[in-house]
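Read off the chains here:
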Protein chains: 2
Amino acid sequence: MQKENKTPKECLEKLLPVQDALDVLKGKWKIQIISVLIYYEECGFKQLQDNVKGITPKMLSKELKELEINLMVTRQVSETRPVTVRYQITEYGKSVTPVIKALYYWGEQHRESIKASMRKERG
Amino acid sequence: MQKENKTPKECLEKLLPVQDALDVLKGKWKIQIISVLIYYEECGFKQLQDNVKGITPKMLSKELKELEINLMVTRQVSETRPVTVRYQITEYGKSVTPVIKALYYWGEQHRESIKASMRKERG
DNA sequence: CAGAATCCGGTCAGATACTG
DNA sequence: CAGTATCTGACCGGATTCTG
């Protein structure tokens, strides 16, 4: 990200998109929801709630709204009886996969590093 | 991340490292601090505060502690008068660069997508 | 210089209950 | 089924002041 011919200020400006990405992905549930939707392609509310362990309907609803605003998922209502709602991952939503992978590989390494340093501290 | 021969449960277990990575990077300041330290290799407290615009000493101190725990930075105190403290990015800290890059590229795309969809909504 | 201490408002997120 | 409403405690993060 940094090149010697850039000022710190220029580098910091580059961080705006990074913060945007982090905003979209932040929180306890978003990546889980995205992953479930990538897995199933399409889900109802209940099915999502069952697959994202521990999430309350309130949080699920809130997170889905944010994901919809960010074009990650679509929401389709069928006026049946009772109404059925389908959440779908968008192609765009799938495009975060490389980001999740980068987080995964680094996170995995990180776990090992932390474990190793804890062993060292104990002697 | 998902393969057809994996259950949703197995996929969700894979998400633990992702959450770990997100935890290390989360908050308003961590990536900025890391970026400044990658740029300078080494900084004093004041120098950091000057380069991370708007951060208070309290937050800077707190974030640095967390980054130290996660082995991203080291803290070296010289018993001079007055004491000088140097924060250094670790090699390990530099290893998040691919993650930041992934976040950057996706975040940049994301800005464009959101902008485009807002233009569309306005007509 | 390099922080710690204190105070405070805002948001996050969980539990529970309720609606059409 | 697909959510909403309300209450609550925990935590985040800023402002200000103080210390060695």
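Above this text sits the structure in question.
Quick look at the structure, then. None of the values given here were measured: they were computed from a predicted structure.

1. Observations concerning the protein's contact with DNA strand D
Lining the immediate environment of DNA strand D, one finds 19 residues, of which Ser61, Arg75 and Tyr87 of chain A together with Lys28 and Lys58 of chain B sit closest. Of all atoms in DNA strand D that approach within 4 Å of the protein, 63% are sugar or phosphate atoms. One nitrogen or oxygen atom from the side chain of Lys65 of chain A is found 3.3 Å from a phosphate oxygen belonging to DNA strand D. In this structure, Lys28 of chain B approaches DNA strand D through a side-chain N or O atom, which is 2.4 Å from a phosphate oxygen. Secondary-structure elements contributing two or more residues to the surface near DNA strand D are α4 (45-51), α5 (57-69) and β3 (84-89) of chain A together with α5 (57-69) of chain B. No other element matches the 4 residues that α5 of chain A contributes to the surface near DNA strand D.

2. A closer look at the packing of aromatic side chains
Tallying each qualifying case throughout the model produces 6 aromatic pairs over all chains. Centre to centre, the rings of Tyr92 of chain A and Trp106 of chain B are 5.7 Å apart; their planes meet at 20°, and the pair counts as stacked. With Tyr92 of chain A in helix α6 (residues 91-94) and Trp106 of chain B in helix α7 (residues 97-122), this pair bridges two chains.

3. Quick look at the interface of chain B and chain A
The interface of chain B with chain A comprises 51 residues on the first partner and 51 residues on the second. Between chain B and chain A, a total of about 4600 Å² is buried, with carbon and sulfur atoms accounting for 70% of that surface. If you sort the residues of chain B by the area they bury against chain A, Tyr39, Tyr104 and Trp106 of chain B come out on top, with a joint share of 16%. Scanning the region where chain B abuts chain A turns up 2 salt bridges. Close ionic contact of Asp20 of chain A with Arg111 of chain B constitutes a salt bridge, the shortest N to O distance being 2.3 Å. When contributions to the side of chain B that touches chain A are tallied by element, the ones reaching two or more residues are α1 (8-13), α2 (15-25), α3 (30-40) and α7 of chain B. If one sorts the elements of the side of chain B that touches chain A by residue count, α7 of chain B sits on top with 15 residues. Grouping the constituent residues of the side of chain B that touches chain A by class yields 29 nonpolar, 14 polar and 8 charged.

4. Comments concerning the nonpolar core
The biggest cluster of nonpolar side chains holds 65 residues, and the ones touching the most others in it are Ile33 of chain A together with Ile33 of chain B. Residues contacting Ile33 of chain B, with those up to four places away along its chain left out, are Leu48, Val52, Ile55, Leu60, Glu63, Leu64 and Leu67 of chain B.

5. Quick notes on the pairing of strand β2 (residues 73-78) of chain A
All names here are of chain A. Where β2 meets β3, 6 bridges bridge the pair, whose relative direction is antiparallel. Directly across from Gln76, in β3, lies its bridge partner Arg86. The antiparallel pairing of β2 with β3 creates a hairpin that spans 5 residues between the two strands.

6. Some points on the protein's contact with DNA strand C
Of all residues adjacent to DNA strand C, which total 15 residues, the nearest are Lys28 and Lys58 of chain A together with Ser61, Arg75 and Tyr87 of chain B. When the atoms of DNA strand C within 4 Å of the protein are grouped by moiety, sugar and phosphate amount to 67% of the total. The side chain of Lys28 of chain A places a nitrogen or oxygen atom 2.6 Å from a phosphate oxygen of DNA strand C. One nitrogen or oxygen atom from the side chain of Tyr87 of chain B is found 2.6 Å from a phosphate oxygen belonging to DNA strand C. At the level of secondary structure, the elements contributing two or more residues to the surface near DNA strand C comprise α5 of chain A together with α4 (45-51), α5 and β3 (84-89) of chain B. With 4 residues, the top contributor of residues to the surface near DNA strand C is α5 of chain B.

Conventions used here
Residues numbered from 1 in each chain as written. Chains lettered and ligands numbered in written order. Predicted model: local features only at pLDDT ≥ 70, side-chain atom pairs only at ≥ 80, totals over all residues. Heavy atoms only, no water. Near = heavy atom within 4 Å. Polar contact = N/O pair within 3.5 Å; in protein donor to acceptor, adjacent residues only side chain to side chain. Helix = DSSP H or I, 4+ residues; strand = E, 2+ residues; numbered from the N terminus. Phe/Tyr/Trp six-rings, centres within 6.5 Å; stacked < 30°, edge-to-face > 60°. Contact = heavy atoms within 4.5 Å. Buried area = accessible area lost by both parts, 1.4 Å probe. Salt bridge = Lys/Arg side-chain N within 4 Å of Asp/Glu carboxyl O. Nonpolar A, V, L, I, M, F, W, Y, C, P; charged D, E, K, R; others polar. Core = buried A, V, L, I, M, F, W, Y, C linked by side-chain atoms within 4.5 Å. Buried < 20%, exposed > 50% of the residue type's maximum accessible area, 1.4 Å probe, protein only. Pairing = 2+ DSSP bridges.

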